[in-house]
Amino acid sequence: MTKELVIISGKGGTGKTSIVAAFAALAKNKVMVDCDVDAADLHLILNPQIEITTEFYSGKSAEIQSDICVKCGRCLEVCRFNAISEGFVVDEISKIR
Amino acid sequence: MKIAVASGKGGTGKSTVSTNLAYLLSKTYKKVCLLDCDVEEPNCHIFLKPVFSFSEPFYVPVPQVNVEKCVQCGKCAEVCQYNALAFVKGKVIVFPELCHGCRSCGLICPSGAISETGREVGVVESGFASGFNFIHGKSRIGEAMSPPLIKAVKKHADKEDFIIQILDCPPGTSCPVIAAVSGADYVFMVTEPTPFGLYDLKLAVDVIRKLGLPFGIVINRAGENDNLIEDYAKSENIKILTKIPDSRAIAECYSKGELVLKHLPEFKKAFEPLVNIIRERM
């Protein structure tokens, strides 16, 4: 059975990555996983050779078909995240997330 | 005037910069407010020991299904993008913690069976500390959705006409950071001269550029390896605003949870360029 160890901390910059890198040096038959997808840093210490890169998609984003849109403004009205601008453009940042 | 203090990497010194900057500004300006927008792990209050005069729970809207009105069409569960509603055996089950509060379920419901109720996700507190106003949000433990609470903290600050708002932002590059820095007049990007500081700084710069906000870099724990950050800044044409030296005295002060400038006024000059940037833009 695989043993799974999780390294966490509430505060940033306390040394999570350093501890994991140390374990990487000590452990045998292991896989190290960087779950800090926002700002992943473990690769800076371990210098891995990338074998597979896969794009990851999650969620959906709105798209306005401008040739059909009658500019009624209903979408602006109901969107609670202000993701659609007055000019009927879907916010770029909303699209990414 | 809204100044966001951000960084990709955690633990680079955002709160140190935010708290000491607010403290220094409050010597010259009245109506300075510090907002701790790192609602998942707020720390500024440890340095400031504020006295709170306001504390209010914060709620996000979540759906509530009226079983008598429900016509069992299942459209609400179908439209929900976050799987916060499930339609099982003719019944709608709500999972409030997955809800983003978009209200699509209520809009699509043909029988008006879905109303909204509040779910407490944290608390907003405000008060006074070390010569200036202070507001922070504290997220409930285990809470996945911090942006609404961050926005609530900002909204609370906007109720008063503060001359300067300093926003201590969460680390990272995703939704919470964007929620915090949006609408800022200027962003101070705090980093450290290490490969990690540099790598995460680059990611954060990408975000701030996408948002179109003006920004500059603060090198914290500055020392021998500053060229790591300086070379990058030069190549990207980004201004390095100031350097806070890697000093044992500052570290000791920090480790006791004390404001640096209160105890070590000699470091005032490291913060003054930031005050000047704010002054120029006012």
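Residues numbered from 1 in each chain as written. Chains lettered and ligands numbered in written order. Predicted model: local features only at pLDDT ≥ 70, side-chain atom pairs only at ≥ 80, totals over all residues. Heavy atoms only, no water.

### Concerning the sheet that holds strand β7 (residues 132-139) of chain B
Residue and element names in this part refer to chain B.
- Strand order in the open sheet formed by nine strands is β3-β6-β7-β2-β8-β1-β9-β10-β11, with mixed pairing between adjacent strands. Taken across any chain shown, the strands that pair with only one partner, and hence form the sheet edges, are β3 (51-65) and β11 (240-245). Ignoring which end each strand starts from, the neighbouring axes of this sheet average 20° apart.
- Across four bridges, strand β2 (residues 32-36) lies against β7 in parallel orientation. Note that in β7 the partner of L35 across the bridge is I135. (Pairing = 2+ DSSP bridges. Helix = DSSP H or I, 4+ residues; strand = E, 2+ residues; numbered from the N terminus. Axes fitted to C-alpha atoms, helices over the stretch in contact; angles between N-to-C directions.)

### Some thoughts on the domain arrangement of chain A
- Examined at the domain level, chain A breaks down into domain 1 (1-53) and domain 2 (61-97).
- For domain 1 of chain A versus domain 2 of chain A, the distance between C-alpha centres works out to 39 Å. (Domains from an automatic or database assignment.)

### Some remarks on the interface of chain B and chain A
- Taken residue by residue, the interface counts 29 residues in chain B and 20 residues in chain A.
- In total, about 1900 Å² of surface goes out of reach between chain B and chain A, with carbon and sulfur atoms giving 58% of it.
- One can count one salt bridge joining chain B with chain A.
- Close ionic contact of E116(B) with R80(A) constitutes a salt bridge, the shortest N to O distance being 2.7 Å.
- In this assembly, chain B and chain A are joined by seven residue pairs in polar contact (both at pLDDT 80 or more). (Contact = heavy atoms within 4.5 Å. Buried area = accessible area lost by both parts, 1.4 Å probe. Salt bridge = Lys/Arg side-chain N within 4 Å of Asp/Glu carboxyl O. Polar contact = N/O pair within 3.5 Å; in protein donor to acceptor, adjacent residues only side chain to side chain.)

### Side note on helix α9 (residues 248-255) of chain B
- Between a side-chain oxygen at the N-terminus of α9(B) and the backbone nitrogen of A249(B) the separation is 3.1 Å; the capping residue is S247(B).
- After α9(B) finishes, the residue G257(B) shows a positive phi value of roughly 75°.

### Focus on the pattern of salt bridges
- Counted by the stated rule, this structure contains 13 salt bridges over all chains.
- E77(A) is the salt-bridge partner of R74(A), the closest N and O atoms lying 3.0 Å from each other. Of this pair, R74(A) and E77(A) both sit in helix α3 (residues 74-78), separated by three residues, roughly a single helical turn.
- Salt bridges linked by common partners bring K9(B), E192(B) and R221(B) together as one network.

### Notes on the packing of helix α7 (residues 195-211) of chain B against helix α8 (residues 227-236) of chain B
All names here are of chain B.
- The geometry of α7 relative to α8 is characterised by a closest axis approach of 10 Å and an angle of 25° between their N-to-C directions. With respect to α8, the element α7 is oriented roughly parallel. For the pair α7 and α8, the sense of crossing is right-handed. On α8, the residues touching P195, L198, L201, K202, V205 and R209 of α7 are L228, I229, Y232 and E236.
- Classifying every residue of the contact of α7 with α8 by side-chain character gives seven nonpolar, no polar and three charged. (Parallel < 35°, antiparallel > 145°, perpendicular 65-115°, else oblique. Left-handed = near helix turned anticlockwise from the far one by under 90°. Nonpolar A, V, L, I, M, F, W, Y, C, P; charged D, E, K, R; others polar.)

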